[in-house]
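Chain by chain, the residues:
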Amino acid sequence: MTRDTLRALSAQGHVIALASGRHYQDIAAIRRRLEIPAWIISSNGAHVHDADDRVVSETLVPTELVKALVALPRPESVRLNLYTRDRWLIDAEAPELLPLHAMTGFTYQVDDMRDLEREHVGKVLYIGEPALLTPLERTLRERYGEALHITYSAADSLEVMQRGVNKATALSRALAALDLPVEKTLAFGDNFNDIEMLTLAGHAYVVSNAHPEVIDQLPFAERIGAHHEAAVAQTLRRFFALD
């Protein structure tokens, strides 16, 4: 239902943007499967591409900050990831992550992360048990909270971008390029990295299986069914009278 709904919206001339913490290459593969001319907001807003894959906006984490994050002590079981323009780098094998990207075929490359001068990093990602990420998050906020944007895309995924980078700022840049008003936007989300975007959007929707604290922070957002129940597609079809 979701693919048919997006195709119908695209055929009517509506602009679709796929916004995610995922890497651009990962989302682009999903877009190809959907067969729609969608914009892509990737790495939580670090990169914005239009429907023709042209770069509209890019905000990177400065190399010296990336080096500091790589050197930051972390539990042995916590995996460090860097999302560059073209690659997903990881500090050790993590086969448990592969099924999450099996549909797209985009995968990580194990790297010692010693040579970062030529890398263009949009996002730094720590993956691990929530209890291990909490003290790491505290350290990050204490040391780099003024320079970085720190959030979660899932309980086990602590995400770090340059200050001011989030899905809302990326959406604003996309809307400016399209000359469209924010009041006409619809946005859907389920986790902490969606809060800014949902706050900005003209019509905000949060799925019922979202993180409870996210739902609490978005009292103005309309609560819909779970994402696996096709709630997003159903909401779109109702709003645009597609049925």
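Quick look at the structure, then. Keep in mind the model is a prediction, meaning the values are calculated, not measured. (Residues numbered from 1 in each chain as written. Predicted model: local features only at pLDDT ≥ 70, side-chain atom pairs only at ≥ 80, totals over all residues. Heavy atoms only, no water.)

## Description of the pattern of salt bridges
Across all of its chains, the model carries 15 salt bridges by this definition. Glu64 is the partner of Lys67 in a salt bridge, and the nearest nitrogen-oxygen pair spans 3.6 Å. One end of the pair is Lys67 and the other is Glu64, both in helix H3 (residues 63-71) and three residues apart, which spans about a single turn. When its relative accessible area of 28% is taken as the criterion, Lys67 is described as partly exposed. Among the salt bridges present, the one from Glu119 reaches Arg87, with a minimum N-O distance of 2.4 Å. Here the residue Glu119 occupies a position in the loop between strand E7 (109-110) and strand E8 (121-127), and Arg87 occupies one in the loop between strand E5 (79-84) and strand E6 (88-90), the gap between them amounting to 32 residues. Residue Glu119 is classed as buried on the basis of its relative accessible area of 17%. A single salt-bridge network, built from bridges that share partners, covers Asp50, Asp52 and Arg54. (Salt bridge = Lys/Arg side-chain N within 4 Å of Asp/Glu carboxyl O. Helix = DSSP H or I, 4+ residues; strand = E, 2+ residues; numbered from the N terminus. Buried < 20%, exposed > 50% of the residue type's maximum accessible area, 1.4 Å probe, protein only.)

## Quick look at the environment of Arg138
The topology assignment puts Arg138 in helix H4 (residues 130-144). Here Arg138 falls in the partly exposed class, since its relative accessible area comes to 45%. As for Arg138 and Met197, which are separated by 59 residues in sequence, their C-alpha atoms are 24 Å apart.

## Here we look at the pairing of strand E4 (residues 55-58)
Pairing between strand E3 (residues 47-49) and E4: three bridges, direction antiparallel. Residue pairing for E4: Val48 is matched across the bridge by Ser57. If you look at the hairpin formed by E3 and E4, you'll find five residues sitting between the two strands, and Asp53 has a positive phi there, around 70 degrees. (Pairing = 2+ DSSP bridges.)

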